[in-house]
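So the chains spell out like this:
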Amino acid sequence: MDEEPMEMSPDGNRNKNYYQGFHDNSNSDMDVDTSHDRSYSSPYVNNFSFHNMSATISTSSPYKSESKYFHQAGESVKPLGMRPLIVPKKNQEKKISNLHKDENLNTLLSESNKLIKSSLEKKKSRSKSKEMSPREKRVNRRKSGNQYDGRRKFYGWLFLAVLFALLSTFIVIHQKCHIHMDVNKFEHVFDENVFGQHIAKHALTTTLRNISLRMQNDTKLSTNPLVFSFHGWTGVGKNFVTKQFLYGFDNARVTTFLIPLHFPHNSQDKEYKINIQKWVKGNITLCYVNMFVFDEMDKATPGLLEGLLSVMKDIQRIEMEKTWIIFLFLSNSRGHQINNYLFTEMKSGKKRNDITFEEILPVLTNLDSSDEWYKDFHKQGLIHTFVPFLPLNKYHVHQCIEKDIIKKGSRPTTELINSISEEMHYIQPVADHVPYSLTGCKRVSDKVDIHI
């Protein structure tokens with residue numbers, strides 16, 4: 001049976017009163033015997049001694065492990081002093097290691113606590129150092145307010161910019177879809193740059209005014225596409241008028257085909273018939289004036305003419321909102337007939353400027369005995385307006401020369417104009433005393449470049 005260790009007085013001496021009530025399990029009284037004074041030391045009990053005391057706790061003999069402390073090997077020790085609690089060696093070693101571990105853990109915990117305390121103190125010191133004066137606080141508030149105002153202004157301007165972009169895009173789209181034909185502008189440009197073609201001017205402006213009025217009331221063009229057929233001699237201004245034609249429209253897209261260049265081979269006639277339909281339909285854009293120019297149509301192959309007839313009929317069946325499709329056919333066809341009509345009328349005493357569009361129109365439309373390229377177009381009602389161009393005389397050529405010299409930044413003089421005019425080729429009709437140019441004003445620009 002294990003016994004409890006003896007309690008000692010604070011001064012290390014025996015005190016009878018201090019041990020009152022201390023008894024063993026047999027409830028025997030404690031006898032004190034001074035004859036058995038002894039002391040011992042142990043590695044586990046430092047300087048622990050019993051003076052003048054012999055306490056018989058029990059009648060049992062000491063443990064073998066304890067007997068060495070009392071110099072008695074295996075003998076019964078009756079006057080046994082207070083037997084201390086002796087721990088076996090294995091348990092003692094474990095306790096020592098645990099003690100060392102506890103000590104290491106305690107040291108680690110203490111160091112960590114010190115680190116935590118030091119970091120907290122540093123934070124407190126920093127927070128104290130960061131405390132600003134009222135003036136600094138006001139300055140910071142102003143800075144933050146200025147930053148907020150700057151952001152608000154930036155986003156405000158950004159919103160306005162986006163809104164402006166959207167509005168401008170809407171306006172541009174609306175303007176593109178709002179097709180406007182300025183006939184007066186076209187007429188002014190025509191008068192400034194085209195000479196001797198009063199019939200062509202009348203035919204074009206009259207047609208455009210009628211179409212413009214109709215388009216103001218109806219945004220859908222459900223009738224034939226506008227088809228103009230220009231006829232006349234070389235150099236009378238067909239190509240030049242075609243370029244001036246664009247000034248009447250705000251948004252026109254032009255696709256030009258030169259027959260000898262784009263359709264040169266008769267052997268590929270079947271391919272031309274198919275391709276021209278794809279090309280025309282593929283170049284039609286809504287909200288635009290889509291203009292197709294075919295120059296030198298008198299040299300077109302039969303397959304190309306059939307393809308054009310087919311695509312024009314297909315377009316005629318489609319209702320296209322706010323979209324114009326214009327075909328301009330240019331050719332020298334009926335040029336000799338136009339010249340002969342003019343000379344005949346002048347021979348009879350009629351002035352050039354007195355000849356009207358209605359009078360000369362039958363020259364182009366009476367095709368019973370002829371085989372012109374546009375015969376099928378005319379029979380099927382696909383050509384909207386025929387535009388005849390009269391031949392130009394020497395006076396018209398002088399006007400062209402003067403205009404070109406001014407355009408190129410030089411001063412026109414009579415001598416310069418006459419010298420350039422003399423290099424042109426003319427014919428003298430019987431009906432008029434003024435000679436007529438064989439090439440019109442076609443080569444005027446090249447001649448002017450040489451002389452200035």
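Scope of this entry: the structure provided in the associated data block. (Residues numbered from 1 in each chain as written. Predicted model: local features only at pLDDT ≥ 70, side-chain atom pairs only at ≥ 80, totals over all residues. Heavy atoms only, no water.)

## What to know about the overall build of the chain
Rules: Helix and strand assignments follow DSSP, with helices taken as H or I runs no shorter than four residues and strands as E runs no shorter than two, numbered in order from the N terminus. Relative accessible area decides the class of each residue, using a 1.4 Å probe on protein chains only: under 20% of the type maximum gives buried, over 50% gives exposed, and in between gives partly exposed. The contact definition used throughout considers only heavy atoms, calling two residues in contact when any of these lie within 4.5 Å. Each accessible area value is a Shrake-Rupley result obtained with a 1.4 Å probe; residue values ignore everything except the protein chains displayed when judging cover.
For the chain, the helix and strand inventory stands at 16 helices and eleven strands. The 452 residues of the chain split such that 36% are buried. Summarising the internal contacts of the chain: among those between residues at least 6 apart in sequence, 72% fall at separations of at least 24. For the chain, the computed accessible surface area is about 28400 Å², with 53% contributed by carbon and sulfur atoms.

## Description of the state of the cysteines
To keep it simple, the criterion reads: The disulfide definition used here is simple: a pair of cysteine sulfur atoms within 2.5 Å.
Scanning all chains against the criterion turns up one disulfide. There is a disulfide in this structure between Cys 400 and Cys 441, and the S-S distance comes to 2.1 Å. Its S-S torsion of approximately 80° makes the covalent link between Cys 400 and Cys 441 right-handed. Taken as a pair, Cys 400 in helix H14 (residues 394-407) and Cys 441 in the loop between strand S11 (436-437) and helix H16 (444-451) lie far apart in primary sequence, 41 residues in all. Judged by its relative accessible area of 15%, Cys 400 is buried. Given the relative accessible area of 18%, Cys 441 is considered buried.

## A word on helix H8 (residues 269-282)
What counts, and what does not: Take the number of residues in a helix, subtract one, and multiply by 1.5 Å to get its expected span.
For H8, which comprises 14 residues, the first-to-last C-alpha distance of 20 Å matches the rise-based estimate of 20 Å (1.5 Å per residue) to within 8%. Looking only at H8, the buried set comprises Asp 269, Tyr 272, Ile 276, Gln 277 and Val 280. Lining the buried residues of H8 we find strand S5 (252-258), helix H7 (259-262), strand S6 (289-295), helix H9 (302-316) and strand S8 (324-331).

## A short note on the pattern of salt bridges
Between side chains of opposite charge, a pair can form when the charged atoms approach closely. Threshold: For salt bridges, the criterion is a side-chain nitrogen of Lys or Arg within 4 Å of an Asp or Glu carboxyl oxygen.
On inspection of all chains with the given rule, the structure shows twelve salt bridges. Residue Lys 273 pairs with Glu 306 through a salt bridge whose shortest N-O separation is 3.1 Å. Pair noted here: Lys 273 is in helix H8 and Glu 306 is in helix H9, with a separation of 33 residues, a long-range link. For Glu 306, a relative accessible area of 41% gives the class partly exposed. In this structure, Lys 299 engages Glu 296 in a salt bridge whose closest nitrogen and oxygen atoms are separated by 2.8 Å.

## A look at the layout of surface pockets
Put simply, the test is: A 1.4 Å probe that fits but cannot get out identifies a cavity on a 1 Å grid over protein atoms alone, an open set with protein on both sides within 12 Å along at least five of seven lines counts as a pocket, and a residue lines either if it has an atom within 4 Å of a point. Grid points are joined across faces, edges and corners, and a volume is the space filled by probe spheres set on the points. By the convention adopted, Pro, Cys, Tyr, Trp, Phe, Met, Ile, Leu, Val and Ala count as nonpolar, Lys, Arg, Asp and Glu as charged, and the other residues, Gly among them, as polar.
Counted as a void, the largest pocket has a volume near 930 Å³. Along the walls of the largest pocket sit 30 residues, with Gly 237, Asn 239, Phe 240, Cys 441 and Lys 442 positioned nearest its centre. Elements with a minimum of two residues in the lining of the largest pocket: helix H4 (183-193), helix H6 (238-245), H14 and H16. Top contributing element to the lining of the largest pocket by residue count: H6, with five residues. Here the residues of the lining of the largest pocket sort into ten nonpolar, ten polar and ten charged.

## Focus on the pairing of S6
Residues in a regular strand project their side chains so that they alternate between the two faces of the sheet. Stated precisely, the cut-off is as follows: When DSSP finds two or more bridges between two strands, those strands count as paired.
Counting buried positions over the seven residues of S6 gives seven, a clear majority of the element. Where burial is concerned, the two faces of S6 agree: the one with Val 289, Met 291, Val 293 and Asp 295 and the one with Asn 290, Phe 292 and Phe 294 are both buried. Note: S5 against S6, seven bridges, orientation parallel. If you follow Arg 253 over to S6, its bridge partner there is Asn 290.

## A short note on the sheet that holds strand S4 (residues 226-232)
Selection rule: The convention used is that axes are lines fitted to C-alpha atoms, helices contributing only their stretch in contact, and that angles between N-to-C directions extend from 0 to 180 degrees.
The strand order S5-S6-S8-S4-S9 describes an open sheet built from five strands, whose pairing is parallel. Strand pairing shows two members of the sheet lacking a second neighbour, S5 and strand S9 (385-389), which therefore form its edges. The mean inter-strand angle of the sheet, taken between neighbouring strand axes irrespective of direction, is 15°. Lying on the sheet, H9 is in contact with S4, S6 and S8; it crosses S8 at an angle near 155°.

## A look at the environment of Arg 209
By secondary structure assignment, the location of Arg 209 is in helix H5 (residues 198-217). Exposure remark for Arg 209: the relative accessible area of 34% places this residue in the partly exposed category. Distance from Arg 209 to Asp 182, taken between C-alpha atoms, is 8.8 Å for residues 27 residues apart in sequence. Excluding residues within four positions of it along the chain, Arg 209 makes contact with Val 183, Asn 184 and Glu 187.

## Here's the deal with the packing of aromatic side chains
Rules: Aromatic rings from Phe, Tyr and Trp, with only the six-membered ring used for Trp, were paired whenever their centres fell within 6.5 Å, and each pair was classed as stacked if the ring planes differed by under 30 degrees, edge-to-face if by over 60, and tilted otherwise. Comment: the charge-over-ring label is applied if NZ (Lys) or CZ (Arg) is within 6 Å of the ring centre and within 35 degrees of the ring normal.
For the coordinates displayed, the defined rule picks out 19 aromatic pairs. Ring centres 5.3 Å apart and planes at 75° place the aromatic pair Trp 373 and Tyr 374 in the edge-to-face group. Each member of the pair Trp 373 and Tyr 374 is classed as buried. For the ring pair Trp 373 and Phe 377, a centre distance of 6.0 Å and an interplane angle of 65° mean the geometry is edge-to-face. The burial state of Trp 373 is the same as that of Phe 377; both residues are buried. Counting every residue linked through ring pairs, the aromatic cluster contains Phe 257, Phe 263, Tyr 272, Trp 279, Phe 292, Phe 294, Phe 327, Phe 329, Trp 373, Tyr 374, Phe 377 and Phe 386. The lysine or arginine in question, Arg 253, covers the ring of Tyr 288, its NZ or CZ lying 5.3 Å from the ring centre. Between the NZ or CZ atom of Lys 394 and the centre of the ring of Tyr 426, over which it lies, the distance is 5.6 Å.

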